[in-house]
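Each chain is listed here by its residues.
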Amino acid sequence: MTDMNKEAISVLNDLIETSKDGQEGFKTCAEDIKHPELKALFAKRSADCATAAAELQATVRSMGGDPETSTSVSGDLHRRWVDVKAMFTGKDEEAVLNEAERGEDHALKAYREAIEKINKHNLVGIRDLVERQYHGVQRNHDQVKALRNEARARS
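Per an unreviewed UniProt entry, the protein chain goes by the name PA2169 family four-helix-bundle protein and belongs to Pseudomonas monsensis.

Caption draft 1: Molecular detail of the pattern of salt bridges. The tally for this structure, following the rule as stated, stands at ten salt bridges. Among the salt bridges present, the one from Arg152 reaches Glu94, with a minimum N-O distance of 2.9 Å. Linking Arg152 in helix 5 (residues 124–154) with Glu94 in helix 4 (residues 93–120), this pair joins segments that are 58 residues apart in sequence. With a relative accessible area of 40%, Arg152 lands in the partly exposed category.

Caption draft 2: Highlighting the packing of helix 4 against helix 5. Where helix 4 contacts helix 5, the two axes come as close as 8 Å, and the packing angle between them is 160 degrees. The angle between helix 4 and helix 5 falls in the class roughly antiparallel. Handedness of the helix 4/helix 5 crossing: left-handed. Considering only residue class, the contact of helix 4 with helix 5 consists of 15 nonpolar, six polar and twelve charged.

Caption draft 3: Expanded view of the environment of Leu41. In this structure, Leu41 sits in helix 2 (residues 36–62). Of the residues examined, Leu41 reaches a relative accessible area of 14% and is grouped as buried. For the pair Leu41 and Cys29, spaced twelve residues apart in sequence, the C-alpha to C-alpha distance is 9.7 Å. With residues up to four places along the chain from it excluded, the contact list for Leu41 reads Gln143 and Leu147.

Caption draft 4: Focus on helix 4. Given a rise of 1.5 Å per residue, 28 residues ought to cover 40 Å, and the 41 Å separating the end C-alpha atoms of helix 4 matches this to within 8%. Downstream of helix 4 by a residue or two, Asn122 has a phi angle that is positive, lying close to 55 degrees.

Cut-off values and rules
- Once a new chain begins, its residue numbering starts again from 1 and follows that chain's sequence as written.
- Only residues with pLDDT of at least 70 are given local features in this predicted model, and only at 80 or more are side-chain atom pairs given and counted; all residues enter the totals for whole chains, interfaces and linings.
- Think of the side-chain values as coming from all heavy atoms in the structure, minus any hydrogens and water.
- One speaks of a salt bridge when a side-chain nitrogen belonging to Lys or Arg is within 4 Å of a carboxyl oxygen belonging to Asp or Glu.
- Going along the chain from the N terminus, every DSSP run of H or I of four or more residues is numbered as a helix, and every run of E of two or more is numbered as a strand.
- With a 1.4 Å probe rolled over the protein chains alone, any residue whose accessible area is under 20% of its type maximum counts as buried; one over 50% counts as exposed, and the rest are partly exposed.
- Working convention: axes come from line fits to C-alpha atoms, limited for helices to the stretch in contact. Angles between N-to-C directions cover 0 to 180 degrees.
- Here the word oblique covers every angle except those under 35 degrees (roughly parallel), over 145 (roughly antiparallel) and from 65 to 115 (roughly perpendicular).
- By definition, turning the near helix anticlockwise from the far helix through less than a right angle yields a left-handed crossing, and turning it clockwise yields a right-handed one.
- Any residue outside Ala, Val, Leu, Ile, Met, Phe, Trp, Tyr, Cys, Pro, Asp, Glu, Lys and Arg is labelled polar, Gly included; the first ten of those are nonpolar and the last four are charged.
- It only takes one pair of heavy atoms within 4.5 Å for two residues to be counted as in contact.
- For a helix, the expected span equals 1.5 Å multiplied by the residue count minus one.

So this is what it looks like as structure tokens:
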């Protein structure tokens, strides 16, 4: 395996963890929220993250690597913090949306860092996939932020 392949696989495995974090995070949000439209939105986002992770895993396999299969330690810690915080805040709509937005901030940062590494190491073989997924994360972030702002305006 070439050094370039190893670097690309490392970048993709980091994004798999990020996608798995999103999958679990949105699943938690879907479980915690009463509002039916938001529940459906979060369930869809969770499924989208699972699809993104599967796509990244398939790419790692096609490059001869072992794909990541789990969430990150920081994602696990974030979900535990959300659960602890929710016990005290009552898991209202705005609080759940705040946590979802925070998760999306983390995902955007991870994808930006991946794109920087792709550009630095000229990993053109994975650029289109990562950029396409990055734009999806950006759309998710913007939608969650808009919903949070609406919830804040109502309260």
